[in-house]
Amino acid sequence: MAALKRSESMADSMPDALRESRYHMKKCFAKYIEQGKRLMKLRHLMSEMEKVIDDKTEREQFLNSLLGYILCTTQEAVVIPPYVAFAIRPNPGFWEFIKVSSTDLSVEGITATDYLKYKEMLVDEDWAKDENALEVDFGAMDFSTPSLTVSSSIGNGINFVSKFLSSKLHGGLQKAQPLVDYLLSLNYHEEKLMINETINTAAKLQSALIVAEAALLTLPKDTPYQDFEQRFRQWGFEKGWGDTAERVRETMRSLSEIFQAPDPLNMEKFFGRVPTVFKVVLFSVHGYFGQSDVLGLPDTGGQVVYVLDQVVAFEEELLVRIKQQGLNVKPQILVVTRLIPDAKGTKCNQALEPVANTKHSNILRVPFRTENGDLPQWVSRFDIYPYLERFTQDATDKILEIMEGKPDLIIGNYTDGNLVASLMASKLGITLGTIAHALEKTKYEDSDLKWKELDPKYHFSCQFTADTIAMNSSDFIITSTYQEIAGSKDRPGQYESHAAFTLPGLCRVVSGINVFDPKFNIAAPGADQSVYFPCTDRQKRFTKFHPSIEELLFSKVDNIEHIGYLEDRKKPILFSMARLDIVKNISGLTEWYGKNKRLRSLVNLVVVAGFFDPTKSKDREEAAEIKKMHMLIEKYQLKGQIRWIAAQTDRQRNGELYRCIADTKGAFAQPALYEAFGLTVIEAMNCGLPTFATNQGGPAEIIVDGVSGFHIDPNNGDESGNKIADFFQKCKDDPEHWNKISKLGLNRIYECYTWKIYANKVLNMGCVYSFWRQLNKDQKHAKQRYIQMFYNLQFRNLVKNVPTSRVEPQQQPKEK
Ligand code: UDP
Ligand code: LCN
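Residues numbered from 1 in each chain as written. Chains lettered and ligands numbered in written order. Predicted model: local features only at pLDDT ≥ 70, side-chain atom pairs only at ≥ 80, totals over all residues. Heavy atoms only, no water.

1. Describing the site of ligand 1
- Neighbouring ligand 1 are 20 residues, the closest being Gly302, Arg579, Lys584, Gln648 and Glu683.
- The side chain of Lys584 places a nitrogen or oxygen atom 2.6 Å from an oxygen atom of ligand 1.
- Between ligand 1 and Leu679 there is a distance of 2.8 Å, counted from an oxygen atom to a backbone nitrogen or oxygen.
- Protein contacts shield 92% of the accessible area of ligand 1, which totals 540 Å² for the unbound molecule.
- Sorting the residues of the shell around ligand 1 by element identifies helix H14 (302–324), helix H24 (651–663) and helix H25 (679–686) as the ones contributing at least two each.
- Partitioned by chemical class, the residues of the shell around ligand 1 number eight nonpolar, eight polar and four charged. (Near = heavy atom within 4 Å. Polar contact = N/O pair within 3.5 Å; in protein donor to acceptor, adjacent residues only side chain to side chain. Areas by Shrake-Rupley, 256 points an atom, 1.4 Å probe, with all protein chains shown as cover. Helix = DSSP H or I, 4+ residues; strand = E, 2+ residues; numbered from the N terminus. Nonpolar A, V, L, I, M, F, W, Y, C, P; charged D, E, K, R; others polar.)

2. As for the UniProt feature "domain: Sucrose synthase EPBD" (unreviewed entry) in the protein chain
- The sites that carry the UniProt feature "domain: Sucrose synthase EPBD" (unreviewed entry) are, in the present numbering, residues 156–243.
- For the annotated span residues 156–243, helix accounts for 51% and strand for 5% of the residues, and the straight-line distance between the end C-alpha atoms is 31 Å. (UniProt positions renumbered as here; feature names shortened; annotations may be inferred.)

3. Regarding helix H20 (residues 546–554)
- Along H20, the residues classified as buried are Ile549, Leu552, Leu553 and Phe554. Looking down the long axis of H20, one finds its buried residues gathered within 160° of arc, a one-sided arrangement.
- In this structure, the buried side of H20 is in contact with strand S21 (562–563), strand S22 (573–577), strand S23 (604–608), strand S24 (642–645) and H24. (Buried < 20%, exposed > 50% of the residue type's maximum accessible area, 1.4 Å probe, protein only. Arc of directions from axis to C-beta. Contact = heavy atoms within 4.5 Å.)

4. What to know about the UniProt feature "domain: Sucrose synthase first GT-B" (unreviewed entry) in the protein chain
- Listed under "domain: Sucrose synthase first GT-B" (unreviewed entry) in the UniProt record, and renumbered for this structure, are residues 266–554.
- The distance from the first to the last C-alpha atom of residues 266–554 is 58 Å, and the span holds 34% helix and 18% strand.

5. Digging into the domain arrangement of the protein chain
- For the protein chain, the assigned domains are domain 1 (10–110), domain 2 (171–261), domain 3 (279–526 + 761–800) and domain 4 (538–753).
- Put simply, the middle of domain 2 and the middle of domain 4, counted by C-alpha atoms, are 55 Å apart. (Domains from an automatic or database assignment.)

6. Description of the pairing of strand S1 (residues 38–41)
- Residue alternation in S1 divides its side chains into two sets, Arg38 and Met40 and Leu39 and Lys41, and both sets are buried.
- Here four bridges tie S1 to strand S2 (residues 74–80), and the two strands are oriented antiparallel to one another. Directly across from Met40, in S2, lies its bridge partner Ala77. (Pairing = 2+ DSSP bridges.)

7. Examining the sheet that holds strand S3 (residues 83–91)
- Sheet architecture is open: five strands sit in the order S1-S2-S3-S4-S5, paired in antiparallel fashion. The open sheet has two edge strands, S1 and strand S5 (107–110), and neither has a second partner. Averaged over all pairs of adjacent strands, the angle between strand axes in this sheet comes to 25°, irrespective of strand direction.
- Both strand S4 (residues 94–101) and S5 contribute to a ladder of four bridges, which runs antiparallel. Note that in S5 the partner of Ile98 across the bridge is Gly109.
- Most of the contacts of helix H2 (residues 22–34) go to S3, to which it runs at about 110°, and overall it touches S1, S2, S3 and S4.
- Of the strands in this sheet, S1, S2, S3, S4 and S5 touch helix H6 (residues 112–121), which is tilted by about 60° from S2. (Axes fitted to C-alpha atoms, helices over the stretch in contact; angles between N-to-C directions.)

8. Remarks on the site of ligand 2
- Taken together, the neighbourhood of ligand 2 is formed by Gly302, Gln303, Tyr306, His437, Ala438, Glu675, Ala676, Phe677, Gly678 and Leu679.
- The separation between an oxygen atom of ligand 2 and a polar side-chain atom of Glu675 is 2.3 Å.
- In isolation ligand 2 offers 290 Å² of accessible surface; the protein chains occlude 90% of this area.
- When residues in the shell around ligand 2 are grouped by element, the largest group, three residues, is from H14.

9. Description of the sheet that holds strand S26 (residues 691–694)
- Strand order in the open sheet formed by seven strands is S21-S24-S23-S22-S25-S26-S27, and the pairing between neighbours is mixed. In this open sheet, the two strands that pair with only one neighbour each are S21 and strand S27 (710–712).
- Bridge count between strand S25 (residues 667–670) and S26: three bridges; the pairing is parallel. Note that in S26 the partner of Ala669 across the bridge is Phe692.
- Strands S21, S22, S23 and S24 of the sheet are contacted by H20, whose axis makes an angle of about 120° with S24.
- In this fold H25 packs onto S22, S25 and S26, with an angle of close to 170° to the strand it touches most, S25.

10. Some thoughts on the nonpolar core
- The biggest cluster of nonpolar side chains holds 155 residues, and the ones touching the most others in it are Phe237 and Phe271.
- For this core, the element with the highest residue contribution is helix H29 (residues 755–775), accounting for 11 residues.
- Not counting residues up to four positions away in its chain, the partners in contact with Phe237 are Met194, Ile195, Ile199, Leu205, Ala208, Leu209, Ala212, Tyr225, Phe232 and Met252.
- Formed by 51 residues, the second largest nonpolar core is a distinct cluster that contains Leu375, Val379, Ile384 and Leu506. (Core = buried A, V, L, I, M, F, W, Y, C linked by side-chain atoms within 4.5 Å.)

11. Some thoughts on the packing of helix H8 (residues 157–169) against H29
- One way to put it is that H8 packs onto H29 with a least axis distance of 11 Å and a crossing angle of 45°. Compared by their axis directions, H8 and H29 come out oblique. Handedness of the H8/H29 crossing: left-handed. Listed contacts from H29 to Gly157, Ile158, Val161, Phe164, Leu165 and Lys168 of H8 are Asn764, Met765, Val768, Tyr769, Phe771, Trp772 and Leu775.
- By residue class, the composition of the contact of H8 with H29 is 10 nonpolar, two polar and one charged. (Parallel < 35°, antiparallel > 145°, perpendicular 65-115°, else oblique. Left-handed = near helix turned anticlockwise from the far one by under 90°.)

12. Things to note about the confidence of the model for the protein chain
- Summarising the model, the protein chain shows a mean pLDDT of 94, and 98% of its residues fall at 70 or more.
- Note on residues 1–6: pLDDT under 50 across the span, and 12 contacts to partners over four residues away in sequence or across chains.
- If you check the scores for this complex, the pTM reads 0.95 and the ipTM reads 0.99. (pLDDT = per-residue confidence, 0-100.)

As structure tokens, then:
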């Protein structure tokens, strides 16, 4: 295929490209503008091109030409006759915009702003032409932040920041003074750490390090810090360098080497050891957030699992670090969520709850206060915005009281938690990390352009505004995969889709976020390995659940927990588990199974999802899916081959359930239309279950297709059904095949997806970015002021359009 010369932009090469096939192009553009104003996606551009160039060889020639390449890299095009404006994405994160005249095929490069105006013309021409329409440009504030330039480096921010720190501190000792000032500022409850004013310049500190290192060499390696603490304090050193002579010497050596010639490796090593983080606040606001009986409810899925596992991993890692720093302090972690008085039998009405498997971590629940008292009922994440500002104030007061001071690090989760975290971090001047889990914008096609239509249902105007505020406030952004930031070759990333977008009539975001910003970091979560472990670890198995799992899978009755039954229980089980959202596509999987005779003859289908009575669901999407499931079971006569089990809330039993499915030599399927990460995928793989997961989103990165599992295309059910059937046929012919895929899946997990790897990475981020924000404080301040104005003038007004729920009298919690 033809490619562009490196130096050329699309706009430069387009005229030549058009000339190459001028005859066809004239016809093609005439076709594009035939229907007047419209937005065309790549699939529309291609199918109309195919109608014009109907000869197959000519079409292939065209696709191999430069123009074919340009067209293939186009994401969408806006037709405003006689012009067609193209949004072209040659590589992840890189965009170009051009305008082609259909009359003479003349080409002009245009800015992102102009392209957005073209889009707006489709829905609100007056606003598009209004010179004073509100434009938001967060990029304008990034005057001193360096950014990456290579697509493949995206998501590796901490390495880049370490490099940049090295070059900033390079060039003589006075350049290293900001580092000394930073070390001087470190303290725990007003008690100084690392150094005191005796060594307040880089020169003094450097000399003191030489003296200290010489002294340390005379001591046995394991000498405790207390034994030489007094002498070191006289030289100006405080606690925090290490717990033994050897550890202190290593830390001092890294710093000496930084003073001598700063390099990124020492920089990362040194900051990983600096005692910066003891108290962490994690916000996960919407409910239900609890440790038991909440999973599978609408809005209550992987985020809860992620946050709880994250706390355990953080606490373990903090305890190790604090010990190695030679300090005698206790870490403190608070997960802050909303208190739901009408808790429906969960503990979501409890204000303070210790986190299981930790010693120093708690869930703090703060109610949504309204003029008429505390809001008793659950509120969908889409309707939550009116409560957040007051919640932030109340939560902040409580946190400061419980922690007896400010936290060192705040981490937000999802739009609501990220907004609250941003508000609190900005008010108190604390390092902020944010985690989206899933940004809604890319889940719905053209959700920005169609915001007015979708707003009554989803309040996307609030959500996208809150998301851009949080992204820009954060010091670092944690993502689970690369695709979350910058997508894949063909599909823009979730963050990338916020680079430039427009909400016509409201605001034009000409620069929302830059995916090349070094704040982006990939740190993938793991699965709790005390719950999700391989089916072959016989002695660890939770056998106490076997009778209830036997009943769950194989009994022949229909009840409120399961419907349908499995006639031939000797067949392997194809298993899936998810909330019953449309996007999870459990109904899709059911339909592929229903249609595929070969698959039906090879395996049974078991799905855990939602519940069975659509009239009882408060969630719009869930109710529609329930109805569809019943319809499909009827249409394909699935009784006898399908078991539909209601949402399961017991994690331990679920772990054993995956393993029992593995015992049948079954497989797990994750058929989502789009999945941000997909915790069930790594849970299943941890249990040794061969896994088929959607190629749309995070799972495509978790699994190496055909090696550690398989990718399936949710938009091509026939192909996916056959791929699963081929696997089971192959296992029938060669049982070793199942073992091989199971083992390779486990290897993949141990190499890349564990909580230990995660906690180490994220706490290093907390340390490095705390210094980084200090170094860039002028720019940070300017940006924060801009964000505050945007919040006050825009977001607060948008919130007024979101209806609030009535404060209803509290119902008695239901018996479970
Ligand atoms: N889950 C559960 N019971 C259910 C459905 C899901 O316990 O009925 C758990 C599942 O084991 C996983 C989480 O909920 O830990 C779902 O996370 P995932 O990332 O797959 O999807 P999300 O729901 O966050 O979109
Ligand atoms: C939200 C999602 O939609 C999932 O894809 C993730 O696995 C989960 O959060 C945890 O990050």
